[in-house]
Each structure stands twice: as structure tokens, then as C-alpha cells.
Amino acid sequence: MSAVEQGALHAAAPAARPKTARRVPLVARALETLLVICLFLFMLGPLIWLAVRAFAAVWFFPRMLPNSWSLEWWRTVFDSPQFMHSVRLSFEFAPTVTIISAAICIPAAYAFSRYRFPGRRTLLISLFATNAFPKFGLYVSMAGFFYSLNLMGKFLGVVIVQLIGTIVFMTWIPTAAFSAVPRSLEDAARDVGAGPLRVFFRVTFPLAAPGILVAIILSFLAAFDEAQGTFLVGVPNYITMPTQMYTLVIDYPQQVAAVFSILLAIPSVVLMGFARKHVMGGRLAEGFQIR
Amino acid sequence: MVLPPVGVVAAFIGFPVVAAIAYTLGKTGGPNSMVASLAQHQHVAKHGVTLAAYREMLGDHQVLGDLWATVWVTVVAVLIVLAMSWTIALYLRLRGGKIAALLSGLSVVPLFIPVVIASYALVTFYSVDGFVRTVAYNLGYHSFPTVGYTLTAVVIGEVWVNVPFGVLMLSSGLNGVPDSLIEASRDAGASLSRTVRSVLFPLNVIPTVIVATFTAIYVLGSFTVPYLVGPSAPNLLGVSMSNYFSSFNQPQQSEVLAVIVFVLAAGIGAVYVWANVRASRRAGQVA
Amino acid sequence: MTAAGLNIESVSKDLGGRTIVDSLELEVEAGELTCLLGPSGCGKTTTLRMIGGFLHPDAGRVLIDGQDVTGLAPERRPTAMVFQSYALWPHMTVFKNVAFGLRLRKLPRSEVTERVERILELVGLTHHLHSYPARISGGEQQRVALARALVLEPKVLLLDEPLSNLDAKLRVRVREDIREIQQRIGITTVFVTHDQDEALSISDRIAVMSGGRVEQYAAARELYREPATTFVAGFVGAMNVYTGTTTGEGIELADGTRIPCAELTATGGEFTFGVRPEDVQVTADGRGADATVVREVPRGHYKELVLAAGENELRAFVGSDMRLPERVRVSFGRVLCYREGVLQHATPAAVE
């Protein structure tokens, strides 16, 4: 097998490989198309259905499409100070949380990657295992804790809550990214006289940057989409977009929720689209093995 | 250097978790005092610990119903996720081409959408006036069952959210199997399905275990999907927890449920760790 | 096992927009060990994979034992392939690897065990019956792959660069083992390589390939003595190549240098000439063109001389004891004459 064909093996998105081009029987073709249609309906159906509703003035059952179209609900959302406030808050919290998370986790990731210290594996796993405790139970207990620390309803309280959700991304992924930078490159830099800090910033970090970027994006989205904890800790002062969704769904017409959903989904779609190439790279399985 | 994140986690997760567990055992002092002061119907430990809270919850048949619902929704969701992920990943690996690229793109869509939005979209899709019933109605089925706000919808929702990870993980694992191993099997006379059974699957047990355990842990503790999509009873434990806290004002009972979920999740996590350890130990035997 | 012939009729294959195999014709006799030899990209592996069923030809047919197998999937063809990477299943023992194909055919357990043990004895691996592939050496893995292919008693055995992953010394031993086993069983075999030593030493016939076509399909001796095209001439063994015209007494090269060749009495023809180094006759002061010795390279039982005659470089093989001054005379013994890449005549003509 040529090198080109072997290279194509390591991509989750399939490249054109020379398959035995037998005439695929009609039954197989039909099944394939059915599979695609089913998956399309299953995955995208709900999203499209919701998106259409955002542009509906009136839509009664059992019509397949709205009775009449309109952008009025968009105006409703944009005119509402409450909603726009939550939008702005989301965009204040998420970057803050991401920056803090990066600042504390990336050095740790470097340590995990480069130094073999006792308990390293245990620590890595426990950072991950803390996600096993159901978030809600955690927040309840934290609520008490926060009350005594006077963090309830405070900016810092919400930051901490969102921060916790990002820690796993910000440690595991950069650890893998740093580990992927060959030691020999760092040694070569030291050999020509660069000090440890310079080696880090000129050699290690740039090479690990794509992985770190993915971690940053995933952390940003984790913070941005965090709802339960923010609900518990931030109410009534700080209501972010996801938290707002919970009440929207119950108290407002479906169209408003639909509009809000699209707004809330935009950062996700944009950022994940950006990170897609790296997330979907074939090395994902290795990243989850504990070495 | 490792201290900061570990410190944050220890302080803001580890500590509250320990305090929560203590609380469930009746310790209402110290860090739990704030919550305890607002709580109703607590079981306080006179000395040592008391299992009264656990006895109450595990004796309550509605709670047991919730526990059972959580477990079977988890099991069903995991099985469906595995089935779908394997199917899609196998197709990607063995067929390639435009259809495969389309499938792979579709299967990772959920990664792009926040869970809150997804849940809401799913419940409107399957609700009384949703897509499914609308199509059915227009085809003549006027009383097609409503899936929304049932446990079935919860299963659908959890599957929807977890398929991308399954597909990515299994694709990655399957791509690690060289073409020549598959060709050698066919050369020996094995049909494609036999090749999958004898070569592809045994070489991908670990990724399968990873997908199963991660999905199970996620579903066990999940809140948003069952909250927005599920019935008012029985609830998944994630939602029950919230009810006991917010509606009934019984934080201790809420924490008991959290600990139960945690124990289940930890058990599953142990499977993941064991599988990984076994794999790295066998790495000497199996290339 | 009765041997089967293999026929490849006008097979073509395009990959990635390029024509890799171009109307290829090949007729392998039953029980013959044929080699597909050529540089990277010549289409040899693609051809092999088409015989095995892993690629479907765009045009043409593949026949085994007279039967058209072109439309058959690999699992249905009476071929067995030994892959370049051996492709042993890492989660199965040696025994299980070899037994796999037999188990598929639902043979009784005792027969499976008996056949597997017999074949492993043939390749000398009984002591590794229950080892895992990761634990045995490269050469041993290769033999397992061979055993796995042979145990199914295929009509045609296919080998894809079987020796390229082995170190040099091992290569020589293993290729002779392969030849010995092949002859003992009498199985029709096609193997692919880019190493001419390998091809020349064990094949019955060699198909030299270039650009998706067979340039010449013949036994080693004929390939060497009468290469049908300039490509084969240059690929198999060393060759001096020049353009020029015949003079009646020899050759006149492009720069005017005249080199005598006793056997070449034709005149006025423009050719591309090929002269093997051993056919370059070098003397201190005999008949011939003037030349200077640029370099002497000792090669054990012979010496290679690099000579300059006019603006031309000549390479000659002479005895290792030969003592020569710096200025010598060269003439040609045997010359191959090519026009438009194809051999027109050789002197002296014909292979014995």
C-alpha cells in the first residue's frame, strides 16, 4: 500500500481509497440511502424544525410549514433588555472563565506531560473522575459552601462554577498536545543555548498550539453553555443565556425560545466548525488512553 | 505547577463532595450548617453517622421507581449509542466515499449544539404538534402516539447527544486497523460480516468500553435532557435531585440521590480504568 | 494439488486519474514462479492486487485455470496473498492465524489441527504454535503469513514484496526457502519485487514492468543476454548506453569516437547501443579506440574500470589481476542495437 493510501487511513473523515469497485447491488444502494435519510432526520430534523419556528408568525398543527412567516419574534428578543442582558453576560463570563482556566491549567498540563511524578496518573484520573459526581448534587452542596463564603449571587461565584466544568478539557487535552511535541525538538533548542522559558514559548507552545486551541474552544463552549450551576448560584443577579432558556421554555411562546436557541447556538456552531478539523482527527482514541 | 487546577478541583469539587456525603450521613454541622438550616425533614446524626436518610430514600417507592427508570434509560441509551456508532463507524471504515463523508458529518452535528438547545429542539420535534406527529397526521395516522415527555423521548435525547463521541471514538479505533488485516481476512475466505466479527471487533474492544462507560456516566447524572424532555414521573435521578432540593426543600434527600448516582457512576468508571490497565498490560502480547 | 495456469488478458486500471496498468498481458504457466519486477510506480503491485481480487480492473480479464475470476471477490478466488506487512492478526496466536481460513470452511477440528501443524512444520515454525505475532521475529512472521496462505491450498500464491522488511542476509535465506517450498508443492506463484537480485535468483520467468506494461517476460538468462527494450537493458544488470551509427567495423559515437566491434559489420544504421561492462574489451596496446582509465574499483573477484574515450564514459569489468597503464585501448565484444527502444539485433545473435 502506498504512503498516500496509508496516510488516508488516519482520518476520521474518509478520503478516497481504492476500494474494490464492484457494481454495488441495488438493494445495498437503497439501504445506504435509507440510512442517510434516517440519520439526517434523526440528527438534523429537530434542529431544522426548531429553526423554522423562529421565523414563524403563526404555525398550527398539522401544517408542515408555518401558516405565516415573520421576523417579529426576533425583534421581540432583541428589544427585550432582559434577554439582551443575558446575552451580554454570557459573553462576559465565558471568556473570563476560559482565560482563568487556561492560566491555571496549562502549566499543570505541561507538568503532567513532561514530568513523571508519583501520583501523576491518579491525579489525572481524579480530575476526570470528579465529573462522575452528578453536577446537580455537587451544586447543591456547593450552594451551602458558597453561602458561607458569600459567593452566592456574585460574579466570582458564577465564574468558579463555570470554571469547574472546563478543568477537564484544559488539562487532558493540552497534556496530550504537549506530549505530542517530541522531546528531541526541545533538547535541540536547549543545545543551541535557549533557556527553559524561551524553549517553551518558541518551541513547545507553538507546536502544541493546535491542541491547546481545541481545548480553549471546548472550554469556552463548556463555560458558555453551562446552565445548572449558574442557575443555582447566579440567580437572581446573573442570568446567562442557557439559564435563561429554562425559564423561556416555560413562560414564553415557542417562537421566542426558538429565536433564543438560534442565538445561543451560533457561537457553538462557529467555534466548533473552526475546531472541527482537529477534534475529528483520527487520534482521538489515543487521547483517552491513560498512559 | 500542578497545584492550581488540582487545588481548584479539590476545593470546589472535592471538598463539597465530601461535605455532601457527610451531610447524607447526618452531619449537619460545619460546612453543611448553612444548607441544613434551610432544610426540611432532615435526619440528623446524634453521634457518629446515621443511615436514616438512605433508608428513607431507598424505601420510598417513587425514588426506587426513579432509580429503576434511570438505570434502564442508561442501559438502553448505551446500547443504542453503541449500535448506531458501530454501524456508522463501520460504514465509514469499509466503504468510504461521498455517502460516508455525509454520514460522518451528520453524526457529529450534536457536538455543535448546546444541550439545552438540543433538548428543546428534540422535545418540540417529538411533541404533540411536532414533526413526527405532523407527518403521521398528513399520512393519515390521526392518533400517532406522542413520544415527547416520555422516557422514550429521554432515551432518544440521550442517544442524540452521545452518538458523536461514539462515532469519533470508534472511527478512530477502526482506522487504527490497517487495511491489510482486513484484506488478509477476506483473502482467507471470510465474508465482510465475519471479518467484522473476527478481526475488527476484537481489536476494538477498548474503544467500545470507553464509549459505553462515558455514555453511561453521562446519562446517569444527566439533568437537562430529562428535565426538558422527560415525563413528570418517573424522573431520572438528576431531575429528582433537583426537585428534592428546589421544590420540596429537602437538600439532604437530594444529596442522597446524588451519592447514589455517584456510586453507580464510579463503579462504571472503575470498569473504564480496569479496561485501560488491562490493555496497557497486554500491549506486550498484542501488537 | 494440481497446478493451475494464470492468464491476464489486456488488464487496465486507472487510479487517481493516472493509468497505472495499461492493457497488460501475462500468461503464467502452471507451477511456475513468476516475478513482477520493476521500479516504483510501474504497476506491479496494482497488478498483483487485481489478481488477488482487491482491485477490480477497468478493462480486461483475469483467468485462473481457464476460469474467468475477474468478477469474483477475494474471498471467492482460489488465490492466497502474502502481504508486505504480513498482516498477521495481532489478537490471534500463530495457530489461530493459520487456522482461520480452515475454520471458515467449517472443517472438523481434528482436520484443522492436522493441516495447520503440517504446514507449520513445512515452514519450520512448530515451536511457535501458540505464540502471538508480536512475540516472534520478522522472518518468523513472514513464514506464518506464508503458512497461512498455503494451508488453504490455493491455485495461485501471491507475494507482495515479501522480503522488503527483512535485513539483507535474511533476505537471501528466506527467498531460497520460498523457492524451495514453492517447488516442493508445485504451486503457481506470482511475486512482486523491485530488487532484481531477488528476481533473477529464484524466478522461473520474470516480467519486467514499466509504465503499466510488461516490457519483457522471459527467464533470467534471456533477460540478461537479450533485453528486449532499452528499459530492460538498463534495468537488469549494468549497461553502457550510447547513441551512434554503425561503421562496418564497429560504432561511431555521437562525438565522433570510433570503437571497433568485430562482430558488428553492418553500416549506416543509427541505433542506441547497449554494451555490458563485461563485453568491453580493454587492452594495453591492442586494437581499439584510445581511452584513459579514470578510476579502478576493486570488486573482489573482478575489477570495475571507469574509462573515458573522447567525451564518453565507459564502464568495464576486467579480471582483478589485470595490470593496466593509464592509457588503454577499448573495443566491444557484444553489442545490442536498439531503435526506438526496441532491440533490433544483438551480436552475436540469439541465446543458446
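Since the structure is predicted, the reported quantities are computational estimates derived from the model, not experimental observations.

Colleague: Would you mind going over the overall build of chain C with me for this structure?
Modeller: Helix and strand content of chain C: 8 helices and 21 strands. Among the 352 residues that make up chain C, the fraction classed as buried is 43%. Sequence separation of at least 24 residues holds for 65% of the intrachain contacts in chain C that already meet a minimum separation of 6.

Colleague: Is there a simple way to explain the overall build of chain A in this structure?
Modeller: Looking only at helices and strands, one finds 13 helices and 2 strands in chain A. A total of 291 residues make up chain A; the buried ones form 42% of that total. A separation of at least 24 residues holds for 72% of the contacts in chain A among residues at least 6 apart in sequence.

Colleague: Please clarify how helix α1 (residues 3-24) of chain B should be interpreted in this entry.
Modeller: What sets the pattern is the α-helix's 3.6 residues per turn: residues three or four places apart point alike. Residues and elements named next belong to chain B. Relative to the 32 Å expected for 22 residues at 1.5 Å per residue, α1 spans 29 Å between its end C-alpha atoms, a close match to the ideal helical length. Those residues of α1 lying buried are P5, V6, V8, V9, F12, I13, P16, V17, A19, A20, Y23 and T24. Once α1 finishes, G26 follows within two positions and takes phi at roughly 105°, a positive value.

Colleague: Is there a simple way to explain the interface of chain B and chain A in this structure?
Modeller: Often, the extent of an interface is quoted as the loss of accessible area on bringing the components together. In this complex, chain B contributes 83 residues to the contact, which on the side of chain A involves 77 residues. When grouped by side-chain class, the residues that make up the side of chain B that touches chain A number 58 nonpolar, 22 polar and 3 charged.

Colleague: Help me out: how do you make sense of the sheet that holds strand β14 (residues 267-275) of chain C in this one?
Modeller: Hydrogen bonds between backbone groups are what pair the strands of a sheet, and the pairing can be parallel or antiparallel. All names here are of chain C. Here 6 strands make up an open sheet; going across it, the order is β13-β12-β11-β14-β20-β21 and the pairing antiparallel. Looking at the sheet topology across the chains shown, the edges are occupied by β13 (258-260) and β21 (342-347). Taking the axes of each pair of neighbouring strands and ignoring which way they run, one obtains an average angle of 40° across the sheet.

Colleague: How do you make sense of the environment of L156 of chain A when you look at a structure like this?
Modeller: All names here are of chain A. Tracing the backbone shows L156 in helix α7 (residues 155-179). What makes L156 partly exposed here is the crowd of 14 C-beta atoms within 10 Å. Separated by 41 residues in sequence, L156 and L197 have C-alpha atoms that sit 31 Å apart.

Colleague: Would you take a moment to explain the domain arrangement of chain C for this structure?
Modeller: Residues and elements named next belong to chain C. Segmentation of chain C into domains returns domain 1 (6-234) and domain 2 (239-347). Domain 1 and domain 2 are separated by 39 Å when their C-alpha centres are compared. Tallied by class, the residues present in the side of domain 1 that touches domain 2 amount to 3 nonpolar, 3 polar and 1 charged.

Colleague: Sorry, what's going on with the pairing of strand β12 (residues 250-253) of chain C here?
Modeller: Within a regular beta strand, the side chains point alternately toward one face of the sheet and then the other, so they alternate between its two faces. Residues and elements named next belong to chain C. Inspection of the sheet shows strand β11 (residues 240-247) paired to β12 by 3 bridges, in the antiparallel sense. In the sheet register, G244 faces β12, and the bridge partner there is L253. Connecting β11 to the next strand, β12, in antiparallel fashion are 2 residues, including G248 with a positive phi near 100°. Relative to β13, β12 runs antiparallel, the two being bridged by 3 bridges. Considered in β13, the bridge of E252 is made with R258. Connecting β12 to the next strand, β13, in antiparallel fashion are 4 residues, including G256 with a positive phi near 100°.

Colleague: Help me out: how do you make sense of the sheet that holds strand β1 (residues 6-15) of chain C in this one?
Modeller: Residues and elements named next belong to chain C. Pairing within the open sheet is antiparallel, and its 4 strands lie in the order β2-β1-β4-β5. Strand pairing shows two members of the sheet lacking a second neighbour, β2 (18-28) and β5 (67-68), which therefore form its edges. In terms of strand pairing, β1 meets β2 through 7 bridges, oriented antiparallel. Following the sheet pairing, L15 is matched in β2 by R18. Set on the sheet, helix α1 (residues 44-52) makes contact with β1, β2 and β4 (59-64); between it and β1 the angle comes to about 120°.

Colleague: Can you help me understand the packing of helix α6 (residues 115-125) of chain B against helix α8 (residues 151-175) of chain B in this one?
Modeller: When two helices pack together, you describe them by how their axes are tilted relative to each other and by the distance separating the axes. All names here are of chain B. Running from N to C, α6 and α8 point in directions that differ by 135°, and their axes come no closer than 10 Å. Between α6 and α8, the angle falls in the class oblique. Helix-helix and strand crossings are classified by hand; for α6 and α8 the assignment is right-handed. Residues V115, A118, S119, L122 and V123 of α6 pack against A153, I156, G157, W160 and V161 of α8. A per-class count over the contact of α6 with α8 returns 8 nonpolar, 2 polar and no charged.

Colleague: Help me understand the interface of chain C and chain B in this model?
Modeller: Each side of the interface is counted separately: chain C has 20 residues, and chain B has 18 residues. Of all elements in the fold, only β6 (79-82) and α2 (94-104) of chain C reach the threshold of two or more residues within the side of chain C that touches chain B. It is α2 of chain C that contributes the most residues to the side of chain C that touches chain B, 3 residues altogether. Per-class residue counts for the side of chain C that touches chain B are 14 nonpolar, 4 polar and 2 charged.

Colleague: Would you mind showing me how to read the confidence of the model for chain A here?
Modeller: Should the pLDDT be low somewhere, the predicted coordinates at that spot are not to be read in detail. Residue and element names in this part refer to chain A. Taken over all residues, the pLDDT of chain A has a mean of 78, while the share at 70 or more is 86%. Of all helices and strands in chain A, the one with the weakest mean pLDDT is helix α1 (residues 3-9) (38), whereas helix α2 (residues 26-53) scores best (88). Confidence drops under a pLDDT of 50 for residues 1-21, and excluding neighbours within four residues, the segment shows 39 contacts in the predicted structure.

Colleague: Before we go on, may I ask you to explain unusual backbone geometry in this structure?
Modeller: Negative phi values dominate among residues other than glycine, just as trans dominates among peptide bonds. A cis geometry characterises the amide bond from A233 of chain B onward to P234 of chain B, with omega recorded as -5°. When you line up the elements, P234 of chain B lands in the loop between α12 (224-229) and α13 (237-247). The backbone of N249 of chain B shows a phi angle near 60°, a positive value even though the residue is not glycine. Within the secondary structure, N249 of chain B is located in the loop between α13 and α14 (251-282). In the Ramachandran plot, E340 of chain C falls in the positive-phi region, its phi being about 50° despite a non-glycine side chain. Take E340 of chain C: it is sitting in the loop between β20 (335-339) and β21.

Colleague: Please clarify how the confidence of the model for chain C should be interpreted in this entry.
Modeller: All names here are of chain C. Across chain C, pLDDT averages 90, with 98% of residues at or above 70. Here β21 stands out as the least confident element of chain C, with mean pLDDT 81; strand β3 (residues 33-37) is the most confident, with 96. Under the prediction, the complex receives an ipTM of 0.82, its pTM being 0.82.

Colleague: Before we go on, may I ask you to explain the pairing of strand β10 (residues 213-218) of chain C in this structure?
Modeller: In the sheet, strand β9 (residues 205-210) of chain C pairs with β10 of chain C via 5 bridges, with the strands oriented antiparallel. The residue of β10 of chain C that forms the bridge with M209 of chain C is V214 of chain C.

Colleague: Teacher, can you tell me more about the environment of T240 of chain A here?
Modeller: Residues and elements named next belong to chain A. Within the secondary structure, T240 is located in the loop between α10 (228-234) and α11 (241-251). Along the backbone, T240 and S80 are 160 residues apart, and their C-alpha atoms lie at a distance of 14 Å. Those residues in contact with T240, other than ones at most four positions away along the chain, are S86, L89, S90, F93, T230 and G234.

Colleague: What exactly am I supposed to notice about the environment of K27 of chain B here?
Modeller: Residue and element names in this part refer to chain B. Along the chain, K27 turns up in the loop between α1 and α2 (33-38). Note: C-alpha distance between K27 and V155 (128 residues apart in sequence) is 36 Å. Sequence-distant contacts of K27, that is, excluding residues within four places in its chain, are made with A22, N32 and A45.

Colleague: In this structure, what is going on with α7 of chain A? I would like to understand it.
Modeller: Residues and elements named next belong to chain A. Between the first and last C-alpha of α7 there are 35 Å, a value that for 25 residues agrees with the 36 Å anticipated at 1.5 Å per step. The largest bend in α7 comes to about 40°, at T166. Of all 25 residues in α7, 22 are buried, a share of seventy percent or more.

About the cut-offs
Each chain carries its own residue numbering, running from 1 in the direction its sequence is written. Chain labels run from A onward and ligand labels from 1 onward, assigned in the order the entries are written. In keeping with the predicted nature of the model, local features appear solely for residues at pLDDT of at least 70, side-chain atom pairs appear and are counted solely at 80 or more, and the whole-chain, interface and lining totals rest on all residues. Each helix is a run of DSSP H or I of at least 4 residues and each strand a run of E of at least 2, with the numbering of both proceeding from the N terminus. To assign burial, the other C-beta atoms lying within 10 Å of each residue's own C-beta are counted, with C-beta atoms placed from the backbone; 20 or more indicates buried, 12 or fewer indicates exposed, and intermediate counts indicate partly exposed. Each residue is represented by a C-beta atom placed from its backbone, and any two residues with such atoms within 7 Å are regarded as in contact. The span one expects for a helix is its residue count, reduced by one, times 1.5 Å. Residues are grouped as follows: Ala, Val, Leu, Ile, Met, Phe, Trp, Tyr, Cys and Pro are nonpolar; Asp, Glu, Lys and Arg are charged; all remaining types, including Gly, are polar. When DSSP finds two or more bridges between two strands, those strands count as paired. Here, axes are lines fitted to C-alpha atoms. For helices the fit covers the stretch in contact, and angles between N-to-C directions go from 0 to 180 degrees. An automatic or database domain assignment provides the domain bounds reported here. Here the angle decides the label: under 35 degrees means roughly parallel, over 145 means roughly antiparallel, 65 to 115 means roughly perpendicular, and every other value means oblique. If you view the pair so one helix is near and one far, a crossing is left-handed when the near helix is turned anticlockwise from the far one by less than a right angle, and right-handed when it is turned clockwise. The predictor reports its confidence for every residue as pLDDT, a score running from 0 up to 100. The angle separating two fitted axes, one through the seven residues that finish at a residue and one through the seven that start at it, defines the bend at that residue.

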